[in-house]
Amino acid sequence: MTSLRLGTFNVWGLPETFGFGDDVSSRMREIASRLEASDLDVLMIQEAWTEEVRTTLGEGARRAGFFVADPPGANGGLMTLSRRPIVEAHFERFGFRGDPERLASGEFLGGKGFQSVVIDGERGDEARRISLVNTHLHARYRRARPRLNSAVRVAQLLQVLRHLAKTEGTVVIGGDFNCSDEDLEYAVFAGLSRAFELGGGSQHPTLSKTNYYKRHRTSEDKRIDFLFVRPGSDVTWQPSDARLLFAETARIRDIDRSLSDHFGFRAALSLTPVVQPVAASSASPPDPRALALAEELLALGDAEASRRRAFHLSSAGTLATVAAAAVMVRRAPEVDRRHSLRGALTSAAWLSVVPAAGLGALGYFDGEGKRGAFDDARAVLAELSRRDPRATA
């Protein structure tokens with residue numbers, strides 16, 4: 001039997017320079033100091049955005065005896081720590097990104113995605129290696145349109161599902177899903193992945209008013225940080241010991257403060273080999289209701305991407321028309337006291353050209369990128385549908 005103590009934790013390691021994060025350096029040192037006493041076998045970390053944060057946590061993890069999956073290059077703020085040797089680690093960026101004009105939200109520049117990691121089996125048994133997926137999904141894309149938020153996260157989850165479809169054996173998926181078990185995207189993922197959540201869904205809220213940094217929160221407490229297992233056909237599984245992680249406080253600047261604006265979540269997982277593995281053909285097919293819901297949400301997201309593209313291109317056209325009109329007036333013969341007006345129109349022409357070009361490029365490249373992400377997600381969904389005989393009955 002294989003036993004793993006698993007954890008996921010959004011450390012809120014944003015840059016302090018522009019006020020995006022609070023007490024970051026102090027909190028990272030506190031988290032790093034607690035790793036040595038931790039009994040976890042695996043810890044999936046999100047929002048380790050800066051080099052300072054990654055260095056502090058990485059050094060603390062190695063002192064505590066963890067191996068660290070932190071390959072160079074793009075990382076989406078993700079790190080994975082493992083007591084077992086790490087065989088391989090890769091990062092895949094999500095096709096869907098945030099809106100470039102909403103830089104303050106961080107979703108466009110953050111480059112979120114998922115990190116796939118393979119760790120050694122017990123006593124180096126290659127046949128018992130475990131695959132891990134550490135992810136951080138998009139936060140609120142449109143505050144007033146929750147179904148659009150769900151559409152974006154479904155597109156990202158389908159990218160994760162494409163990876164799962166190519167991965168054999170048992171996979172543990174964890175991270176900050178930015179949704180609760182009551183949201184549509186959770187239902188889609190549960191219905192299509194054949195993965196099981198390890199902690200009872202809404203139990204153990206990781207966003208809570210009891211957190212120092214969320215003490216002014218007005219909405220209900222909820223959990224948005226999850227651990228799932230997609231068991232291989234050669235094992236049975238049993239979860240246990242689900243509870244909050246890193247929910248204690250630390251004395252920082254003379255106040256007892258939380259270690260992040262999230263609490264972490266942890267659970268234990270036992271995997272027992274079976275004598276007669278389940279045949280692949282008898283595995284549970286995707287839920288047809290999840291397929292239909294995913295298709296509906298992807299259509300909504302694609303329509304919004306098309307609307308944004310059309311809007312930006314139309315705005316670019318309007319500004320280009322203003323610029324052209326101003327140039328025409330500038331070329332007209334000078335009459336009476338219109339010299340100053342012509343000068344103003346010349347300035348307006350130049351001032352219109354730059355945003356017209358910018359909006360045109362924004363409309364084309366951002367719109368095409370978003371539509372491409374939804375097209376890719378729809379292709380994954382079509383492949384999943386072909387695996388479900390009920391979908392074509």
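Residues numbered from 1 in each chain as written. Predicted model: local features only at pLDDT ≥ 70, side-chain atom pairs only at ≥ 80, totals over all residues. Heavy atoms only, no water.

### Here's the deal with the overall build of the protein
Within the protein, the regular secondary structure consists of seven helices and 14 strands. Residues counted as buried form 49% of the 393 residues belonging to the protein. Partitioning the contacts of the protein with sequence separation of at least 6, the portion at a separation of at least 24 is 75%. Of the roughly 18700 Å² that the protein leaves accessible, carbon and sulfur atoms contribute 54%. (Helix = DSSP H or I, 4+ residues; strand = E, 2+ residues; numbered from the N terminus. Buried < 20%, exposed > 50% of the residue type's maximum accessible area, 1.4 Å probe, protein only. Contact = heavy atoms within 4.5 Å. Areas by Shrake-Rupley, 256 points an atom, 1.4 Å probe, with all protein chains shown as cover.)

### Overview of the nonpolar core
If you look at the biggest cluster of nonpolar residues, it comprises 38 residues, and the most contacted ones within it are Leu158, Ile173, Phe177, Phe189 and Leu192. Among the secondary structure elements, those contributing two or more residues to this core are helix 4 (146-165), strand 8 (171-176), helix 5 (184-193), strand 10 (225-230), helix 6 (288-331) and helix 7 (339-386). Top contributing element to this core by residue count: helix 4, with ten residues. Residues in contact with leucine 192, not counting those within four places in the same chain, are Leu158, Leu161, Pro286, Asp287, Ala290, Leu291, Ala294, Leu381 and Leu384. Ile31, Ala48, Ala61 and Phe246 belong to the second largest nonpolar core, which has 23 residues in total. (Core = buried A, V, L, I, M, F, W, Y, C linked by side-chain atoms within 4.5 Å.)

### Looking at the confidence of the model for the protein
Confidence in the prediction of the protein, expressed as mean pLDDT, is 85, and 79% of residues score 70 or more. When the criterion is pLDDT under 50, residues 389-393 qualifies, and its contacts beyond four places in sequence or with other chains add up to six contacts. (pLDDT = per-residue confidence, 0-100.)

### Thoughts on the packing of helix 4 against helix 5
The contact between helix 4 and helix 5 brings their axes to 8 Å, and the two run at 20°. Regarding the angle of helix 4 to helix 5, the classification is roughly parallel. Helix 4 and helix 5 meet at a crossing whose hand is right-handed. Here Arg147, Ser150, Arg153, Val154, Leu157, Leu158, Leu161 and Leu164 of helix 4 come into contact with helix 5, specifically with Leu184, Glu185, Val188, Phe189, Leu192 and Ser193. Of the residues belonging to the contact of helix 4 with helix 5, the class tally is nine nonpolar, two polar and three charged. (Axes fitted to C-alpha atoms, helices over the stretch in contact; angles between N-to-C directions. Parallel < 35°, antiparallel > 145°, perpendicular 65-115°, else oblique. Left-handed = near helix turned anticlockwise from the far one by under 90°. Nonpolar A, V, L, I, M, F, W, Y, C, P; charged D, E, K, R; others polar.)

### A short note on the environment of arginine 54
With respect to the element layout, arginine 54 can be found in helix 2 (residues 51-63). Separated by 16 residues in the primary sequence, arginine 54 and aspartate 70 have C-alpha atoms spaced 8.4 Å apart. Arginine 54 has contacts with Ala48, Asp70, Asn75, Gly77, Leu78 and Met79, leaving out every residue within four places of it along the chain.

### Points about helix 4
An ideal rise of 1.5 Å per residue puts 28 Å on 20 residues; helix 4 measures up with 28 Å between its terminal C-alpha atoms. Of all the 20 residues making up helix 4, 16 are buried; the element is thus mostly covered by neighbouring parts of the structure. (Expected span 1.5 Å × (residues − 1).)

### Digging into the environment of arginine 289
On the secondary structure map, arginine 289 appears in helix 6. For arginine 289, a relative accessible area of 65% puts it in the exposed group. Separated by 97 residues in the primary sequence, arginine 289 and leucine 192 have C-alpha atoms spaced 9.5 Å apart.

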